[in-house]
Amino acid sequence: MPLTETLTFKIEQAAALIHRAQQGGVLTGAGISTPSGIPDFRSPKSGLWQQHNLLEVASLSAFRHHPERFFAWVHPLLENIVTAQPNAAHYAIAALQQTGHFTGVITQNIDGLHQKAGSAGVIEVHGSLATVTCIQCYRTYESLQFLPDFLKKGIIPRCPHCGGILKPDVVLFGEQLPWQAWEAAERLAHHCDLCLVAGSSLAVMPVARLPIEAARRGAALIIINQTPTYLDKRADVVLHGDVAVILPALAQKVQEHG
């Protein structure tokens, strides 16, 4: 996608705000990973909410009563995530961090692509697929030891200690956010002097309120997303378009001026 004059101008505006920042924070959503082949939840046709009733397959209650439904639903998604690679947007955020203007990244994603791209200080507010926890004895294990049998044979992972079913350490509907990650996210939102939102529709609470909390404390607000958000009118700069195009251009502009 070629950059229009309007987008180019807005990228320059955003770069100027970033240059003034000393402890910026980034918030990313599913839209930053769709260019890597990972479907989001809301997009027509490809969105996971369009194809499934997630309360029936991806809620904590559903997992406890019918875990086989959850694992049948998550199997193709896991296959996508395991093979996915960071895209230009992930690398651009890592590059922006290296400029020294950002202190951390809050992500709603569970794919680990920010870390693969080299980002530091990643706060995973919706959990991670890197570990699994037994729903009976609460022992935690690395996911890698169970993934091959699940992906290749469909074997539901069970606890080696007690035989209980192992739940991926991601937040399901009806489940609280991991408190350590949430406290870290709130600290970043409360202390940042700039908040960059990328690839998030800002429709999922409580994460969606973090940018407005930052703005109320005087932080500059930049939003990059394909579609409008409830905070567009409050933002200093809004760029509607492909994050995998806009973010690299923004990172380059920031790097050009040191």
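Residues numbered from 1 in each chain as written. Predicted model: local features only at pLDDT ≥ 70, side-chain atom pairs only at ≥ 80, totals over all residues. Heavy atoms only, no water.

A. Up close: the pairing of strand E2 (residues 102–107). A large share of E2 lies buried, amounting to five of its six residues. With five bridges connecting them, strand E1 (residues 24–28) and E2 associate as parallel partners. The partner of Val26 across the bridge, within E2, is Val105. (Buried < 20%, exposed > 50% of the residue type's maximum accessible area, 1.4 Å probe, protein only. Helix = DSSP H or I, 4+ residues; strand = E, 2+ residues; numbered from the N terminus. Pairing = 2+ DSSP bridges.)

B. How the structure looks around the nonpolar core. Formed by 32 residues in total, the largest nonpolar core has its most connected members in Leu96, Leu194, Leu196, Ile222, Ile224, Leu247 and Leu250. Of all elements in the fold, only helix H1 (5–20), helix H6 (88–98), E2, strand E7 (194–198), strand E8 (220–225), strand E9 (237–240) and helix H11 (243–256) reach the threshold of two or more residues within this core. No other element matches the seven residues that H11 contributes to this core. With residues up to four places along the chain from it excluded, the contact list for Ile222 reads Ala14, Leu17, Ile18, Leu194, Cys195, Leu196, Val197, Val237 and Leu239. If you look at the next biggest cluster of nonpolar residues, it comprises 26 residues, including Leu27, Trp182, Cys195 and Val238. (Core = buried A, V, L, I, M, F, W, Y, C linked by side-chain atoms within 4.5 Å. Contact = heavy atoms within 4.5 Å.)

C. Representation of the packing of H6 against H11 within the structure. Packing of H6 against H11 leaves a shortest axis separation of 8 Å and a crossing angle of 25 degrees. What the angle tells us is that H6 and H11 run roughly parallel. Viewed along their axes, H6 and H11 form a crossing whose handedness is left-handed. Taking contact as the criterion, the partners of Ala88, Ala89, Ala92, Ile93, Ala95 and Leu96 in H6 are, on H11, Val243, Ala244, Leu247, Pro248, Leu250, Ala251, Val254 and Gln255. Of the residues in the contact of H6 with H11, the class split is 13 nonpolar, one polar and no charged. (Axes fitted to C-alpha atoms, helices over the stretch in contact; angles between N-to-C directions. Parallel < 35°, antiparallel > 145°, perpendicular 65-115°, else oblique. Left-handed = near helix turned anticlockwise from the far one by under 90°. Nonpolar A, V, L, I, M, F, W, Y, C, P; charged D, E, K, R; others polar.)

D. Seen up close, the pattern of salt bridges. Applying the stated criterion across every chain yields a total of five salt bridges. A salt bridge links Glu186 to Arg209, with the shortest nitrogen-to-oxygen separation between them at 3.7 Å. On the criterion of sequence distance, the pair formed by Glu186 in helix H9 (residues 179–191) and Arg209 in the loop between E7 and helix H10 (210–216) is long-range, its members being 23 residues apart. On the accessibility criterion, Arg209 (31% relative accessible area) is partly exposed. What emerges from the salt-bridge pattern is a single network uniting Glu186, Arg209 and Glu213. (Salt bridge = Lys/Arg side-chain N within 4 Å of Asp/Glu carboxyl O.)

E. Representation of the sheet that holds strand E3 (residues 122–124) in the model. The strand order across the open sheet formed by six strands is E3-E2-E1-E7-E8-E9, and the pairing between neighbours is parallel. Edge positions in the sheet fall to E3 and E9, since each has one partner strand and no second. Each adjacent strand pair in this sheet contributes to an overall mean axis angle of 15 degrees, direction not counted. In this sheet, E9 lies alongside E8 in parallel orientation, the contact comprising four bridges. The residue bridging Asn225 from the neighbouring strand is His240, located in E9. Packed on one face of the sheet, H6 meets E1, E2 and E7 and runs near 150 degrees to E2.

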